[in-house]
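Coordinate inspection notes
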Amino acid sequence: MQKRKFGRQGSEVPVLGFGAMRMPTLSPESRELDESLSVALLRHAIDKGISYLDTAYSYHGGRSEAVVAKALAGGRRDEVMVATKLPHWLVEKPEDMDRLLGEQLERLQTAQVDCYLLHALNKESWPKLCGHDVLAFLDRARADGRIKYAGFSFHDRLPLFKQIVDAYDWDCCLIQLNYMDVDSQAGIEGLRYAAGRGLAVQIMEPLLGGRLAGTQPEEVRAVWARAPVGRTPAEWGLRWVWNQPEVTTVLSGMNTMEQIEENSRIAGEAWPCSLSSAELDLIREVREIYRRRTKVNCTGCGYCLPCPAGVRIRDIFYEYNQAAMYDLPRRETQAMYQWFAERQGDASRCTDCGQCEAACPQTLNVREALRDIHLAFGD
Ligand SMILES: NC(=O)c1ccc[n+]([C@@H]2O[C@H](COP(=O)([O-])OP(=O)(O)OC[C@H]3O[C@@H](n4cnc5c(N)ncnc54)[C@H](OP(=O)(O)O)[C@@H]3O)[C@@H](O)[C@H]2O)c1
């Protein structure tokens, strides 16, 4: 496994980390974790040198941290760095932060979290946490050893990102970056800004939640076919991220053994600045094709869920984008939309409360998109 320096701390960390947000569930419809398969995947990943595990209080209905602990039981804790996140939406007073961290240490069965991130900072959560003296809390937790490194994950716009980077002596930050998101959220400029100030920069959604790795439209396949070397779409996506020398660790939400095998192989070969200008041109072409086709820039993170009215926001956007990106016949999308309606989850149920938009890391205009989709596919 290739390693890179962890910001100004100077220690070395693997370039590939395991994102424990998309572990396998018992069935495609179920949200219940397949815990034994998840533990097996995590252990296999560690065996392959993927010794950075990223979880959060809220992943998989609160089960993800406990499953990480299960995978590390029997003496494997010292082999890895564990990152988890403070759920700002559960913080109502300063003492809540100490309580939540205590609960997380318990769930993770550890005395120290290696990287403790303030989860999903944005223009609402950052001032809210500052109002609860979050930076004094981080100072205390670092000083008494409950956390080793302090950081934050981010979903908002570049100016706020820079403001947060400059507000504290952070060790690390987690940003969304892939070849489609070069200039959204923190983007490439944010990556360079944070790395330039000595922060280790971890990357989430390197394959846009898997959308850059699945079946490709014909136009995209034609571009990849012109490359001198044959690579899977996942490999193109991951290589682009590792090509950035400022990136520290790329988190991948791997949910099969094959994905762990493939991604760890690529991690061993994808050196910074190793893509040729011809290869970068191909990636630019693919980006343009997708930009022309994508209708709603939803990454499927699910932060908008559950919708109080039961609208299946993520599923509806997914189907809508699939239809646009892969030229699916209209009747197929309509049939799928009808299936949502039969389960009381279509867009007509929207009550306009706006809770989804407050939670959306992509700052999507969710309600307007739902209205458009209902007009196009509802009866
Ligand atoms: N703090 C935050 O706000 C936040 C937000 C988002 C993510 N994160 C963290 O960042 C981690 C990484 O983000 P992500 O899970 O969205 O990563 P991602 O790599 O963009 O997406 C993961 C998906 O990519 C597909 N994939 C991965 N490797 C593949 C391969 N070799 N071949 C084919 N498909 C492949 C899989 O899709 P299929 O399931 O379709 O096979 C997998 O579920 C998360 O797991 C989480 O720990 C944090």
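Analysis parameters
- Residues numbered from 1 in each chain as written.
- Predicted model: local features only at pLDDT ≥ 70, side-chain atom pairs only at ≥ 80, totals over all residues.
- Heavy atoms only, no water.
- Helix = DSSP H or I, 4+ residues; strand = E, 2+ residues; numbered from the N terminus.
- Contact = heavy atoms within 4.5 Å.
- Buried < 20%, exposed > 50% of the residue type's maximum accessible area, 1.4 Å probe, protein only.
- Domains from an automatic or database assignment.
- Buried area = accessible area lost by both parts, 1.4 Å probe.
- Salt bridge = Lys/Arg side-chain N within 4 Å of Asp/Glu carboxyl O.
- Polar contact = N/O pair within 3.5 Å; in protein donor to acceptor, adjacent residues only side chain to side chain.
- Nonpolar A, V, L, I, M, F, W, Y, C, P; charged D, E, K, R; others polar.
- Axes fitted to C-alpha atoms, helices over the stretch in contact; angles between N-to-C directions.
- Parallel < 35°, antiparallel > 145°, perpendicular 65-115°, else oblique.

Regarding the environment of Phe377
- For Phe377, the location among the structural elements is in helix H16 (residues 366-377).
- Along the sequence, Phe377 and Arg330 sit 47 residues apart, while their C-alpha atoms lie 8.5 Å from each other.
- Beyond its immediate stretch of four places on either side in the chain, Phe377 contacts Tyr320, Arg330, Thr333, Gln334 and Tyr337.

A few points about helix H10 (residues 233-242)
- Summarising burial for H10: ten of the ten residues are buried, a large majority.
- If you check which residues of H10 are buried, you get Pro233, Ala234, Glu235, Trp236, Gly237, Leu238, Arg239, Trp240, Val241 and Trp242.

Some remarks on the domain arrangement of the chain
- What the domain assignment lists for the chain is domain 1 (3-290) and domain 2 (313-377).
- Put simply, the middle of domain 1 and the middle of domain 2, counted by C-alpha atoms, are 27 Å apart.
- With eleven residues of domain 1 in contact, the opposing surface of domain 2 contributes seven residues.
- For the pairing of domain 1 and domain 2, the buried interface totals around 840 Å² over both sides, and the portion due to carbon and sulfur atoms is 47%.
- Considering only the surface of domain 1 that becomes buried against domain 2, His155, Arg211 and Tyr290 emerge as the three largest contributors, covering 41% of it.
- Linking domain 1 to domain 2 there are zero salt bridges.
- Put simply, domain 1 and domain 2 have four residue pairs in polar contact (both at pLDDT 80 or more) between them.
- Of the residues in the side of domain 1 that touches domain 2, the class split is two nonpolar, six polar and three charged.

A word on the packing of helix H7 (residues 158-165) against helix H8 (residues 187-196)
- For the pair H7 and H8, the least separation of the axes is 10 Å and the interaxial angle reads 10 degrees. Judged by the angle between their axes, H7 and H8 are roughly parallel. When H7 is examined against H8, the residues Leu158, Phe161, Lys162 and Val165 are found in contact with a partner set consisting of Glu189, Gly190, Tyr193 and Ala194.
- A class-by-class count of the residues in the contact of H7 with H8 yields five nonpolar, one polar and two charged.

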